[in-house]
Amino acid sequence: MEEQVKEEQAGGSSSSTEPARGEEVVKKRGSSTQDSRRSSSSRSSRKSFRLDYRLEEDVTKSKRDKHGRFVNPWPTWNAPTLYNVLKWQFTEKDHSKVPSSKEVLDRELPVQEPYFIQNPQLAGKTGAGMRATWLGHATVLVEMDDLTFLTDPVFSQRASPLHFMGPKRFRGPPCSVAQLPKIDAVVISHTHYDHLDSGSVASLNERFGSELRWFVPQGLMDWMQKCGCENVIELDWWEENCVPGHDEVTFVLTPAQHWCKRTPTDDNRVLWGSWSVLGPGNRFFFAGDTGYCSAFEQIGKRFGPFDLAAIPIGAYEPRWFMKSQHVDPEEAVRIHIDVQAKCSLGIHWGTFALAYEFYLDPPVKLKEAMDRYGLNQDKFFVLKHGESKDLNVEEDAFE
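Residues numbered from 1 in each chain as written. Predicted model: local features only at pLDDT ≥ 70, side-chain atom pairs only at ≥ 80, totals over all residues. Heavy atoms only, no water.

Once that is clear, we can look at the pairing of strand S9 (residues 232-235). It is a general feature of regular strands that their side chains alternate between the two faces of the sheet. Side chains of S9 alternate between two faces, with Val232 and Glu234 and Ile233 and Leu235 buried alike. Relative to S9, strand S8 (residues 213-217) runs parallel, the two being bridged by 4 bridges. Counterpart to Phe215 in the pairing with S9 is Ile233. Once you follow S8 into helix H6 (residues 221-226) and on to S9, the crossover reads as right-handed. (Buried < 20%, exposed > 50% of the residue type's maximum accessible area, 1.4 Å probe, protein only. Helix = DSSP H or I, 4+ residues; strand = E, 2+ residues; numbered from the N terminus. Pairing = 2+ DSSP bridges. Right-handed = clockwise from strand over helix to strand, strands pointing away.)

As structure tokens, this is what we get:
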């Protein structure tokens, strides 16, 4: 596989064969020191990248309808209607059966303290390898190529605009924002409350400020600004950018089959997507929230193989309603194959009861699907809340 070549163009313009860089927002403050640092940060991020030859092929671009709302361009998509939502909630039996007993939950789904709380000196030390720590649902702490970033950070107790109602965690976050190691970047896949949490965004912004780079899909910039976030990169599908000072690691917004909504009237005003993070030593794929579609083969063809993929395996029943928007474990294995992942981590389960499958079924069904495909069980694994997985991390990385 050819190495990805990135080069800065004089004058900041892009050639016709290069994808757009996305839009950056950097607000200025009074301090001349901060202004100088932010100006340098802005210059280093305003660069274009020359991708490998495979991106010259046709890819599925994002599309909007006549009202300016984003749409899924695949025949595998069926939009959820109010009638079907009501039919699901009032006619289908809920088989999730999440126990109310903390003792049972502690036994079945233990939450452990992440390694970086007791050993903060080890954070970021992965050598030539990478490390992923599952913090519940779709929140993963990834360390690779001298960068540490979060996917869809949610540390709140509810996935809801209200603090007193809406889906509540049955397994709490294994750490707080205050206990995290230094975070360089955050990627957001879409706007649903179990993936974009205003409280967590505010806490991360309060702790890390403008040093933290946010990568978000097109249309989310205004919302991020209203939350006080300054260092925001807004991207369309196949656009990319980097963290200032870490130009060798590329963050690409790649397609997914899903939808966005936070208010009664903002349906699909914001794009959704997956993320491909491409470093000189490691490649990571975050599927976000998605139904199965042909986009994953395109992603694998252009950016694979990935050293690790984080793929949802939960919130999939009943299939007649969930299929377009949430993959089941078997479809998760298909994504694992399509994106050419060497290893995959099952996410989007064991935290919120968002659908009607038994709460412990996702890893069981994942194992069955791996068996049907004749794949090694170790290649698609799950973690305990707070547990980490090291990939090609040598002992000398900790010295």
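A residue-level look at the protein finds 84% of positions with pLDDT of 70 or above and a mean pLDDT of 87. When the criterion is pLDDT under 50, residues 1-20 qualifies, and its contacts beyond four places in sequence or with other chains add up to 45 contacts. pLDDT under 50 marks residues 23-50. Its contacts with residues more than four places away, or in other chains, come to 69 contacts. (pLDDT = per-residue confidence, 0-100. Contact = heavy atoms within 4.5 Å.)

Bringing the pattern of salt bridges into the picture now. When charged atoms on two side chains of opposite charge get close, those side chains can pair. Following the criterion strictly, the structure yields 14 salt bridges and no others. Of the charged contacts in the structure, one is a salt bridge between Lys323 and Glu331, with a shortest N-O distance of 2.5 Å. On the basis of relative accessible area, Glu331 is assigned to the buried category, the value being 5%. Glu368 is the partner of Lys365 in a salt bridge, and the nearest nitrogen-oxygen pair spans 3.9 Å. Of this pair, Lys365 and Glu368 both sit in helix H10 (residues 361-372), 3 residues apart, roughly one helical turn. On the basis of relative accessibility, which here comes to 34%, the residue Lys365 falls in the partly exposed class. Linked by salt bridges that have partners in common, Arg319, Lys323, Asp328 and Glu331 make up one network. (Salt bridge = Lys/Arg side-chain N within 4 Å of Asp/Glu carboxyl O.)

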